[in-house]
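# Residue-level structural notes
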Amino acid sequence: MCPFIKFDYLFFVLVLGSLAYVFFDFWRKSKAVSSLMETEAARRNAALEKGVLSFAPRMKFIHEGAEVVLLMTPGSRNAPPHTILKTALPQAPEWKLRIYRESGLTAVAKAFGRRDVQINNPGFDSAYYIRTNDEMRLRLFLTPGIQSEILSLAQADPALSVNKGNFELRVPYHFRDAQGLKQFIDTGLALIGKLNQIG
């Protein structure tokens, strides 16, 4: 047998084995995620949609008259997986809001003069970077109770956005336990409820 043919064959087997391992690992993790979402879907009388081969499942249910979607996106070599809760907001389509964890990048932005909104709560101001085009509406939204809800997710590195009438809350990983996922959804629904209240 030609040594080049033998080398090509071994290389092909190695590549195929690597792909099979990656596929199996992704499938195994997806099954765990699907199991958690099935528990939440039963709790909330929600519809559960599964992607191709059960990857990236999503859950849909109605909350305060609007459809809420929970989805878990797969990660890649350059990006982590995400758990995302989103819905459409009926009021204030012009409002823009972003709240996310303070980081080295936000420190650099501040050093170059880009300021965020301070709400006079040292614990919250030091933990989160806030940008908005309507500070009055922001302060109506960020009551002490809502601040506590967001702070409860601090270890999960959450990012909240409101843009063009769309709400999104995301964290950069998949939850591994039912209680963590439940808390994430409950927190998101509390934020949605407050946003609907202030209009």
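Residues numbered from 1 in each chain as written. Predicted model: local features only at pLDDT ≥ 70, side-chain atom pairs only at ≥ 80, totals over all residues. Heavy atoms only, no water.

### Observations regarding the pairing of strand 8 (residues 166-171)
Only one face of strand 8 is covered, namely the face carrying Phe-167, Leu-169 and Val-171; the face carrying Asn-166, Glu-168 and Arg-170 is uncovered. Summarising the sheet, strand 4 (residues 82-88) and strand 8 pair through 6 bridges and their orientation is antiparallel. Bridge pairing links Thr-87 to Phe-167 in strand 8. Relative to strand 8, strand 7 (residues 159-163) runs antiparallel, the two sharing 5 bridges. Across the sheet, Val-162 pairs through a bridge with Phe-167, a residue of strand 8. Hairpin geometry of strand 7 and strand 8 is characterised by an intervening segment of 2 residues between the two adjacent antiparallel strands and by a positive phi of about 55 degrees at Lys-164. (Buried < 20%, exposed > 50% of the residue type's maximum accessible area, 1.4 Å probe, protein only. Helix = DSSP H or I, 4+ residues; strand = E, 2+ residues; numbered from the N terminus. Pairing = 2+ DSSP bridges.)

### Quick word on helix 6 (residues 178-198)
Look at helix 6: 31 Å from first C-alpha to last across 21 residues, which is about the 30 Å you get at 1.5 Å a residue. Downstream of helix 6 by a residue or two, Gly-199 has a phi angle that is positive, lying close to 70 degrees. (Expected span 1.5 Å × (residues − 1).)

### Structural notes on helix 5 (residues 144-151)
Along helix 5, the residues that are buried comprise Ile-146, Gln-147 and Ile-150. Across the axial projection of helix 5, the buried residues extend over an arc of 105 degrees, all falling on one side. Of the surrounding secondary structure, the elements contacted by the buried residues of helix 5 are strand 5 (97-101), helix 3 (122-127), strand 6 (128-132), helix 4 (135-141), strand 7 and helix 6. (Arc of directions from axis to C-beta. Contact = heavy atoms within 4.5 Å.)

### Some words on the confidence of the model for the protein
Should the pLDDT be low somewhere, the predicted coordinates at that spot are not to be read in detail. Confidence in the prediction of the protein, expressed as mean pLDDT, is 81, and 74% of residues score 70 or more. Below pLDDT 50 for its whole length, residues 19-28 participates in 6 contacts with residues either more than four positions away or in separate chains. (pLDDT = per-residue confidence, 0-100.)

### Examining the packing of helix 5 against helix 6
When two helices pack together, you describe them by how their axes are tilted relative to each other and by the distance separating the axes. Close contact between helix 5 and helix 6 brings their axes to 9 Å; oriented N to C, the two are set at 150 degrees. The angle between the axes of helix 5 and helix 6 places the two elements in the roughly antiparallel class. Note on packing geometry: the crossing formed by helix 5 with helix 6 is left-handed. Along the contact surface, helix 5 presents Ile-146, Glu-149 and Ile-150, while helix 6 presents Thr-187, Ala-190, Leu-191 and Lys-194. Here the contact of helix 5 with helix 6 is built from residues that sort into 4 nonpolar, 1 polar and 2 charged. (Axes fitted to C-alpha atoms, helices over the stretch in contact; angles between N-to-C directions. Parallel < 35°, antiparallel > 145°, perpendicular 65-115°, else oblique. Left-handed = near helix turned anticlockwise from the far one by under 90°. Nonpolar A, V, L, I, M, F, W, Y, C, P; charged D, E, K, R; others polar.)

### What about the nonpolar core?
Formed by 42 residues in total, the largest nonpolar core has its most connected members in Ile-99, Phe-141, Leu-142 and Leu-160. The leading source of residues in this core is helix 6, at 7 residues. Apart from the residues lying within four places of it in its own chain, the contact partners of Leu-142 are Ile-99, Ile-119, Phe-124, Ile-130, Gln-147 and Ile-150. (Core = buried A, V, L, I, M, F, W, Y, C linked by side-chain atoms within 4.5 Å.)

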